[in-house]
Amino acid sequence: MLPVDFGRMCGIAGISRPDRDLLSRMLDVIVHRGPDGSGMEVNEDVAIGIRRLAIVDIETGNQPMYSHDQSLALVWGRDVVSHLIGMFAIAIWDGTRKELFLARDRLGIKPLYYAAGGGMFRFASEIKALLQDPSAPRAVHQETLHRFLLFRVHDSGEHTFFDGIDRLLPGHTMVVRDGSITSVERYWNPPVNPEFTSDRSDADYAAAFAGLFDRVVKRHLIADVPIGIPLSGGLDSSGVACTVARFMAEGTDLHTAGRLHTFSALYPGQTIDESPYIHEVEGRVDSVPHYAYPSVEEFWNEMAEWMWFQEEPTIATAPYAYYSVYRIAKGTVTVMLSGNGGDELMAGYIPYFRTYWTSAVDQHHWLSGVREFVRGFDIYKEYLRDAIQARAPWIDVLKMRDMLAAPNAYLNGFSYAADRNLNRRLANDVLAYSTPNLLRYEDKNSMAFSIEARVPFLDHELVEFIFQLPIDQKIKGGWNRAVYRHAMKGRIPDRNRLRRNKIGFTNPEFAWMRARAPQVREIFASDPCRSRGVYDTDRLVAGFDAWLRGAPGDVLLFWRALVCELWMQRYIDQPVAVHA
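Residues numbered from 1 in each chain as written. Predicted model: local features only at pLDDT ≥ 70, side-chain atom pairs only at ≥ 80, totals over all residues. Heavy atoms only, no water.

A.B. asks: How would you sum up the pattern of salt bridges? Please name residues and give values.
C.D. replies: This structure, assessed with the given rule, holds 42 salt bridges. Close ionic contact of Lys-98 with Asp-45 constitutes a salt bridge, the shortest N to O distance being 2.8 Å. Highlighted residues: Lys-98 in the loop between β5 (89-94) and β6 (99-104) and Asp-45 in the loop between β3 (37-42) and β4 (47-52), separated in sequence by 53 residues. For Lys-98, a relative accessible area of 30% puts it in the partly exposed group. (Salt bridge = Lys/Arg side-chain N within 4 Å of Asp/Glu carboxyl O. Helix = DSSP H or I, 4+ residues; strand = E, 2+ residues; numbered from the N terminus. Buried < 20%, exposed > 50% of the residue type's maximum accessible area, 1.4 Å probe, protein only.)

See below:
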């Protein structure tokens with residue numbers, strides 16, 4: 001038997017038995033990940049295959065690939081992971097050792113799921129491929145479900161929402177032999193600088209960042225197919241768009257007839273509409289703009305299909321905005337350079353200011369802490385007000401815990417407390433708590449339309465550089481994202497670079513939930529929802545009614561309950577069809 005390699009940025013699947021029919025079904029259900037071709041290797045030990053999305057080497061890049069002497073799938077062998085840059089999920093079958101080697105990229109940009117047990121092993125780029133096996137697990141992982149409902153934590157470990165289906169964690173490899181996992185190892189664990197400040201100047205750090213950012217973005221433009229930009233108007237997508245436009249002016253070919261195509265979600269008349277910032281960048285880069293206009297009617301009608309692609313619950317409806325943007329890009333471009341990841345790397349969210357203060361206190365930088373409290377007060381004053389209100393004993397705020405049937409049954413030993421050091425907290429969010437779910441959304445939304453989403457901010461070389469920056473390069477002078485804002489001076493419009501608010505691709509969730517309140521209430525009160533034993537449905541319905549009347553509470557509490565019920569209806573209650 002010859003060793004075989006599958007995979008880096010398309011869709012892969014495999015089972016530890018020679019079942020060609022099952023493998024064909026697994027590959028058929030993920031055809032959207034690779035409509036340009038497929039390949040299989042079936043022998044007495046395994047059946048593994050790939051769906052190919054042609055990005056480079058369009059005519060000659062078919063897989064599987066064999067080594068020159070037909071003895072290894074890749075000439076590097078297992079240390080291939082140390083030679084790869086960017087996103088990948090790979091499977092290497094070694095016929096000599098009779099073992100399967102799996103690996104996932106350092107940040108987890110590309111997914112890899114597996115189910116193991118009873119001497120049987122299955123793996124795939126998507127969960128729905130695993131579910132094509134009638135014997136595959138089809139039950140809720142209750143601990144994951146309850147952590148999500150109570151704490152909004154998901155995609156933070158190996159467990160998925162499906163009991164018995166796990167994910168290979170980012171930066172890890174796995175070896176499987178005779179249908180059983182023999183080893184799982186972490187090959188990337190970047191060091192984090194905990195220091196508050198250093199001797200280098202802001203200008204030095206900004207220049208180093210700008211140079212590295214240019215190099216990273218340029219290598220993300222390697223492709224033989226059209227490339228575009230999802231433009232939200234925020235700092236990150238603005239920086240990517242303007243940097244790409246500069247490279248185009250210098251001769252880089254995006255295979256788009258010399259024009260940069262940008263794709264955005266607009267909400268005319270809504271407070272979340274980012275049109276002014278989007279148009280500012282469009283004018284700067286002279287792009288060909290394309291617009292999606294997500295609506296509650298469209299969202300509600302497409303909910304089942306969207307859930308089919310997402311495979312697991314989402315923290316909010318915001319990923320649907322990205323889904324809408326990738327849909328309008330299909331047919332125009334095949335690769336998109338996204339701005340995802342920058343906020344988690346460089347303290348782009350308001351709660352990070354609080355961790356900045358604890359860092360300043362712990363390292364005795366009292367003056368810096370006071371200065372940032374004063375200079376950034378206009379940004380986070382509403383956050384502080386809401387945090388105080390949520391903890392005020394005289395205000396009865398709706399809580400998820402009160403609406404669950406058994407809120408504590410699955411939470412033994414679980415606690416989530418943010419690290420007091422800002423750099424360590426950011427690293428935790430990038431590696432475990434926030435970025436993994438954003439990347440899951442990005443991958444599912446883009447691949448639904450056979451588009452490869454690239455995330456230059458999460459290039460591991462750039463991540464390692466940012467992890468080594470001192471804390472005061474993340475927040476300084478009343479600004480978060482300090483080093484990035486400094487590095488982008490003169491490179492992106494100041495209207496975008498110096499904006500004090502953040503919205504990005506999102507949806508008017510408050511209005512959308514109210515607009516479909518009768519349908520949401522009907523789902524909460526339905527027999528399937530009552531029968532699951534997850535919610536105290538009477539309290540859930542009463543809480544939803546109280547929220548509709550104006551009781552204080554987060555609308556996303558009810559979104560999480562809704563999306564979990566709809567997910568269970570789509571994936572637990574019925575077989576998974578080959579097509580949405």
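A.B. asks: Quick rundown of the packing of aromatic side chains? Include the residues and the values.
C.D. replies: For the coordinates displayed, the defined rule picks out 31 aromatic pairs. Taken together, a centroid distance of 5.2 Å and an interplanar angle of 50 degrees make the contact between Phe-196 and Tyr-356 tilted. Placement of Phe-196 in the loop between β11 (180-186) and α4 (202-219) and of Tyr-356 in helix α10 (residues 352-362) is noted, with a sequence separation of 160 residues between them. We classify Phe-196 as buried; its relative accessible area is 2%. With centroids separated by 6.1 Å and ring planes inclined at 75 degrees, the aromatic side chains of Phe-213 and Tyr-484 adopt a geometry described as edge-to-face. Residue Phe-213 is found in helix α4, and its partner Tyr-484 is found in helix α16 (residues 482-487); the two are separated by 271 residues along the sequence. Of the two residues examined, Phe-213 and Tyr-484, each falls in the buried class. Taken together, the ring pairs connect Phe-299, Trp-306, Trp-308, Phe-309, Tyr-320, Tyr-323, Phe-449, Trp-512 and Trp-559 into an aromatic cluster. When the ring centre of Trp-547 is taken as origin, the NZ or CZ atom of Arg-514, which lies over that ring, is 4.9 Å away. (Phe/Tyr/Trp six-rings, centres within 6.5 Å; stacked < 30°, edge-to-face > 60°. Lys NZ or Arg CZ within 6 Å of the ring centre and 35° of its normal.)

A.B. asks: How would you explain the packing of helix α7 (residues 296-310) against helix α22 (residues 555-571) if you had to name every residue and give the values?
C.D. replies: Contact pair α7 / α22: the axes reach a minimum separation of 9 Å and the direction vectors enclose 60 degrees. One way to sum up the angle between α7 and α22 is to call them oblique. Between α7 and α22 the crossing geometry is right-handed. Counted together, Phe-299, Trp-300, Met-303, Ala-304, Trp-306, Met-307 and Trp-308 of α7 and Trp-559, Leu-562, Val-563, Leu-566, Trp-567, Arg-570 and Tyr-571 of α22 form the full contact between these two elements. When the residues that make up the contact of α7 with α22 are grouped by side-chain class, the tally is 13 nonpolar, no polar and 1 charged. (Axes fitted to C-alpha atoms, helices over the stretch in contact; angles between N-to-C directions. Parallel < 35°, antiparallel > 145°, perpendicular 65-115°, else oblique. Left-handed = near helix turned anticlockwise from the far one by under 90°. Contact = heavy atoms within 4.5 Å. Nonpolar A, V, L, I, M, F, W, Y, C, P; charged D, E, K, R; others polar.)

In short, geometric facts, not functional conclusions.
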